[in-house]
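Analysis of the macromolecular model
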Amino acid sequence: GGPVGTAWLAGLAAGLGREGVDLGAADLIVGTSAGAIVGAILASGGDLDRLAVLPAPTDPEGGVRTDPDRLAEVFATLGDTGLERTEALRRVGRLAATASTGGEEAAIARMRFLVGDVQWPDTPLLIPSVDAETGEAVIWDRHGAASLPEAVAASIAFPATAPPITIGGRRYIDGALRAGINVDLAG
């Protein structure tokens, strides 16, 4: 995940494209966390080369940042085998809400820079995230309340590394907390 995962996925997709395999022409694209960035660009017909330049921070405090103390708590909570999964996600959601990670506006602006300020594409695109309060999965698509940059920002908002993203009055965190690859959504 993160910048390394995004770079790896973009490089793989670009390499396949050079060999004649256009992943953007798929019947369905599911993008989770770092894959949400690449999936949004592919589904929108965008150029993956846009990922070669990272945006400058847009807020005076330096943009999105990691809160190391809260991150340790997040991993401890996720690794607690005595917690039921949904309860662990609710607790992680509370940690995310109190972490010092910068403003969500900066996180959304970063995604707008990376994926483009585009509307949801006609190509079916699903972007998972998790409701930070309930721990339940939410799958964004072009029929939901989120703009494409908001859905991508929510899907990559790993607790204590990026702020939860508010959409329709609710806060959302990383879709990888639902499942790493979300292959079940392609069924």
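A quick note: this is a predicted structure, and the numbers were derived from the prediction, not measured.

1. So, the environment of Glu105
- Mapping Glu105 onto the fold places it in helix α5 (residues 104-115).
- Sequence separation between Glu105 and Asp27 is 78 residues; the distance between their C-alpha atoms is 32 Å.

2. Here's the deal with the packing of α5 against helix α6 (residues 148-155)
- Look at α5 against α6: their axes get within 8 Å of each other, and the N-to-C directions meet at 115°. The angle between the axes of α5 and α6 places the two elements in the roughly perpendicular class. With respect to the hand of their crossing, α5 and α6 are arranged in right-handed fashion. When α5 is examined against α6, the residues Ala107, Ile108, Met111, Arg112 and Val115 are found in contact with a partner set consisting of Pro149, Glu150, Val152 and Ala153.
- Of the residues assigned to the contact of α5 with α6, the class counts are 7 nonpolar, no polar and 2 charged.

3. Details of the environment of Ile108
- Relative to the helices and strands, Ile108 is located in helix α5.
- Assessed through its relative accessible area of 11%, Ile108 is described here as buried.
- Put simply, Ile108 and Val64 are 44 residues apart on the chain and 10.0 Å apart in space, counted from C-alpha to C-alpha.
- Not counting the four nearest positions on each side in its chain, Ile108 is found in contact with Pro149, Glu150, Ala153 and Ile165.

Reading the values: rules and limits
- Residues numbered from 1 in each chain as written.
- Predicted model: local features only at pLDDT ≥ 70, side-chain atom pairs only at ≥ 80, totals over all residues.
- Heavy atoms only, no water.
- Helix = DSSP H or I, 4+ residues; strand = E, 2+ residues; numbered from the N terminus.
- Axes fitted to C-alpha atoms, helices over the stretch in contact; angles between N-to-C directions.
- Parallel < 35°, antiparallel > 145°, perpendicular 65-115°, else oblique.
- Left-handed = near helix turned anticlockwise from the far one by under 90°.
- Contact = heavy atoms within 4.5 Å.
- Nonpolar A, V, L, I, M, F, W, Y, C, P; charged D, E, K, R; others polar.
- Buried < 20%, exposed > 50% of the residue type's maximum accessible area, 1.4 Å probe, protein only.

Just distances and angles here, no functional claims.
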